[in-house]
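Tertiary structure, described
The primary structure of each chain is shown beneath.
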Amino acid sequence: MRQLILILGDQLSLASPALLEADPAKDGVLMIEAAGEAKAVWSHKARIALFLSAMRHFAHSMTEAGWSLDYVAMDDPAAADFGIRLREALQRHSPKILKVIEPGELRMLQMIEQVCEQAKVQLQVLDDTHFLCSRHEFASWAKGKKELRMEYFYRVMRKKYAVLMEGEEPAGGSWNFDADNRSPYPKRTGPGLIPAPAAFAPDALTLEVMALVERHFPDHPGSLANFVWAVTREQALQALQVFIDTRLLHFGTYQDAMWTDTPLGWHSLLSTALNLHLLNPREVIAAAEQAYRQGQVSLESAEGFIRQILGWREFIRGVYWLDMPGMKEANHYGHQRDLPAWFWTGDTRMACMRDSLKQTLELGYAHHIQRLMVTGNFALLAELSPQQVSDWYLAIYVDAIEWVELPNTAGMALHACGPRFTSKPYVASGAYIKRQSNYCTGCTYDPAKRSGEAACPFTTLYWHFIDKHEQSLKINPRTALMAKNVQKLSEDERVAIRTHAANLLENLDGL
Ligand SMILES: Cc1cc2nc3c(=O)[nH]c(=O)nc-3n(C[C@H](O)[C@H](O)[C@H](O)COP(=O)(O)OP(=O)(O)OC[C@H]3O[C@@H](n4cnc5c(N)ncnc54)[C@H](O)[C@@H]3O)c2cc1C
Ligand code: SF4
């Protein structure tokens with residue numbers, strides 16, 4: 001065999017550069033299912049099922065397209081280390097070259113490198129052209145900058161790809177319309193009727209995979225009862241169309257809104273299809289821009305959505321590769337507390353955490369503001385170990401792959417990388433959650449109280465955080481106001497907050 005092309009579980013595109021360069025008559029393709037990957041962190045059942053089902057559907061497309069495919073299915077989980085299976089496959093095929101697109105995780109890249117070195121097979125790692133900004137291009141942009149800011153990167157990308165541009169200027173005269181977005185749902189009427197996203201009942205192949213997951217990973221967290229994710233390119237395209245036609249309309253307005261029993265809001269739910277490469281970000285961006293140009297949606301919504309993909313998604317990936325492996329150990333505040341056990345059950349009296357965690361266990365999904373300003377905010381205020389928190393996020397979300405999960409968790413939610421790529425810690429008290437949701441109605445706790453039994457833990461721990469970090473917050477223009485506000489509290493109040501916070505932090509499992 002001239003070359004063997006290794007397709008990883010999150011590289012499911014027939015337009016992969018490794019395939020475009022290859023010849024089905026001379027080259028082979030290898031795909032490997034490995035239980036070790038599902039166990040590296042204690043993965044949600046839906047996350048495992050999504051990867052396996054999408055891989056098996058893709059394998060069908062590969063054979064239909066005439067490729068000679070060696071598909072190593074998961075049989076005995078005990079012998080299921082990815083490295084072992086790769087080594088066996090290299091022995092079986094004796095290729096001159098193993099070709100792979102850049103994996104989405106440094107650990108995987110290092111494992112493949114090691115196996116090839118031991119097997120004395122030449123390894124060729126190709127740029128992942130799924131992304132609009134290559135690792136090399138991002139590194140050039142970042143060169144000489146101590147601190148990286150998404151907003152400036154995003155402008156470069158908008159210009160480079162002529163997205164939402166009017167000549168040299170941004171459409172509508174502004175790069176960012178966040179000031180017009182991010183409303184809460186109307187407090188009196190709630191979210192009202194939100195059009196449902198596309199949902200795909202599991203077909204025979206997915207049902208087979210779901211049974212396998214229940215058999216091999218019975219004690220893993222989460223449920224498969226609500227599994228309706230797109231597992232093929234055709235379904236992913238349908239999901240995109242439904243989003244553009246019915247849900248993009250209010251995406252921007254309600255991007256940061258939360259409400260009980262409204263787990264999906266107006267969000268796209270496209271991260272899984274994008275991350276598995278069933279969708280190309282270019283086609284998603286183009287569809288959103290076209291909807292705006294045709295007058296279907298406002299510029300605010302289209303820009304807000306496009307920024308998440310052309311801006312945040314590309315930026316986050318660039319930062320991951322630039323700052324690994326250090327990012328995995330980053331701990332700006334030196335936080336060491338253990339993740340409370342109820343992160344895995346949702347059994348807490350805090351209504352906002354309960355809602356966000358329960359839906360995560362049911363669906364493997366929570367939207368961005370729940371991840372950032374509810375669970376992430378709590379994890380930072382409660383001084384949880386960034387490594388334990390990152391492992392949890394990697395395990396529990398269906399769209400989790402390290403290149404996107406780690407920078408979002410360590411960098412954005414926990415400020416564990418300091419000011420490297422976020423200008424301030426994203427901390428907020430119960431007042432923010434009350435403003436953006438209805439969670440506080442009927443909660444055991446009171447978001448307005450800073451100390452005492454009834455005080456909302458977010459509020460107590462927020463003021464404790466500001467009190468503790470007053471000096472560093474004072475010198476940052478973006479957080480100086482927080483420091484000013486804490487200075488307005490009397491010494492008695494500050495002592496009461498410290499005392500109550502110390503008690504909460506010692507008893508996180510009991511919240
Ligand atoms: C702590 C934390 C952990 C996260 N972990 C992941 C993860 O493992 N995988 C993942 O794909 N996203 C992650 N995100 C980013 C974001 O929350 C999800 O992409 C989004 O919630 C997915 O839902 P959606 O497709 O409905 O997104 P929408 O709100 O509809 O946004 C559209 C698309 O924009 C992209 N996007 C939006 N925000 C981000 C972001 N901050 N970083 C990268 N891409 C973004 C996604 O591809 C998403 O599908 C995380 C965010 C936080 C705060
Ligand atoms: S009171 Fe505090 S804990 Fe309860 S829902 Fe509101 S923010 Fe969450």
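Residues numbered from 1 in each chain as written. Chains lettered and ligands numbered in written order. Predicted model: local features only at pLDDT ≥ 70, side-chain atom pairs only at ≥ 80, totals over all residues. Heavy atoms only, no water.

What follows concerns the overall build of the protein. Check the secondary structure of the protein and you find 22 helices and 7 strands. Taken along the three principal axes of its C-alpha coordinates, the protein extends 75 × 55 × 50 Å. When the 511 residues of the protein are sorted by exposure, 59% land in the buried category. Sequence separation of at least 24 residues holds for 76% of the intrachain contacts in the protein that already meet a minimum separation of 6. For the protein, the accessible area works out to roughly 20800 Å², and carbon and sulfur atoms hold 53% of it. (Helix = DSSP H or I, 4+ residues; strand = E, 2+ residues; numbered from the N terminus. Buried < 20%, exposed > 50% of the residue type's maximum accessible area, 1.4 Å probe, protein only. Contact = heavy atoms within 4.5 Å. Areas by Shrake-Rupley, 256 points an atom, 1.4 Å probe, with all protein chains shown as cover.)

Before going further, it helps to spend a moment on the site of ligand 1. Contacts to ligand 1 come from 28 residues, most closely from H267, S268, L269, N275 and Y365. One nitrogen or oxygen atom from the main chain of L269 is found 2.7 Å from an oxygen atom belonging to ligand 1. In this structure, a nitrogen atom belonging to ligand 1 sits 3.4 Å away from a side-chain N or O atom of Q308. Put simply, the parts of the chain that give the shell around ligand 1 at least two residues each are α10 (271–275), α12 (299–323), α15 (368–381) and α17 (402–413). Ranked by the residues each element gives to the shell around ligand 1, the list is headed by α12, at 6 residues. Of the residues in the shell around ligand 1, the class split is 15 nonpolar, 9 polar and 4 charged. Looking at the shell around ligand 1, you find at least three residues from each of domain 2 (135–323) and domain 3 (341–510). (Near = heavy atom within 4 Å. Polar contact = N/O pair within 3.5 Å; in protein donor to acceptor, adjacent residues only side chain to side chain. Nonpolar A, V, L, I, M, F, W, Y, C, P; charged D, E, K, R; others polar. Domains from an automatic or database assignment.)

A full pass over the atoms with the stated rule returns 4 cavities of 30 Å³ or more. Estimated volume of the largest cavity: approximately 90 Å³. In terms of lining, the largest cavity is formed by 14 residues, of which the most central are C352, C440, C443, C456 and F458. If you list the elements that add at least two residues to the lining of the largest cavity, you get α14 (351–363), α18 (430–436) and α19 (457–468). When grouped by side-chain class, the residues that make up the lining of the largest cavity number 12 nonpolar, 1 polar and 1 charged. The volume enclosed by the second largest cavity comes to roughly 80 Å³. Taken together, D10, Q11, E102, P103, G104, D128, F131, N275, H277, R317, W321 and W403 make up the full set of residues lining the second largest cavity. When grouped by side-chain class, the residues that make up the lining of the second largest cavity number 4 nonpolar, 4 polar and 4 charged. Two domains each provide a minimum of three residues to the lining of the second largest cavity, namely domain 1 (3–126) and domain 2 (135–323). (1 Å grid on protein atoms, 1.4 Å probe; cavity = no way out; pocket = protein on both sides within 12 Å on 5 of 7 lines; lining within 4 Å. Points joined across faces, edges and corners; volume = space filled by probe spheres on them.)

Here we take up helix α4 (residues 82–93). The end-to-end C-alpha distance of α4, which contains 12 residues, comes to 17 Å, matching closely the 16 Å that a straight helix rising 1.5 Å per residue would cover. Restricting attention to buried positions, one finds in α4 the residues F82, G83, R85, L86, A89 and L90. Seen from one end, α4 has its buried residues packed into an arc of 160°, which puts them on one side. The elements touched by buried residues of α4 are β1 (3–6), β2 (28–32), α2 (35–39), β3 (68–72), β4 (97–101) and α5 (106–119). In this structure D81 caps α4, since a side-chain oxygen of it lies 3.1 Å from the backbone nitrogen of G83. One or two steps after α4, the chain reaches S94, where phi turns positive at roughly 40°. (Expected span 1.5 Å × (residues − 1). Arc of directions from axis to C-beta.)

Our focus in this paragraph is the packing of α19 against helix α22 (residues 491–506). Geometrically, a packed helix pair is captured by the angle between its two axes and the distance between the axes. Packing of α19 against α22 leaves a shortest axis separation of 9 Å and a crossing angle of 115°. α19 and α22 meet at a crossing whose hand is left-handed. The segment α19 lies against α22, with P457, T460, L461, W463, H464 and D467 engaging R494, I497, R498, H500, A501, L504 and L505. (Axes fitted to C-alpha atoms, helices over the stretch in contact; angles between N-to-C directions. Left-handed = near helix turned anticlockwise from the far one by under 90°.)

Evaluation of the coordinates by the stated rule reveals 27 aromatic pairs. Judged by centre distance (5.9 Å) and plane angle (50°), the ring pair of F153 and F315 falls under tilted. Pair noted here: F153 is in helix α7 (residues 150–160) and F315 is in helix α12, with a separation of 162 residues, a long-range link. Each member of the pair, F153 as well as F315, carries the same accessibility label: buried. (Phe/Tyr/Trp six-rings, centres within 6.5 Å; stacked < 30°, edge-to-face > 60°.)

The next thing to look at is the site of ligand 2. Taken together, M350, A351, C352, G430, I433, Y439, C440, C443, Y445, P447 and C456 make up all the residues around ligand 2. Given that more than half its atoms are within 2 Å of the pocket grid, ligand 2 belongs to the largest cavity. Residues that form the shell around ligand 2 fall into these classes: 10 nonpolar, 1 polar and no charged. (Sits in = over half its atoms within 2 Å of the grid points.)

Function-wise, these values are silent; they only describe arrangement.
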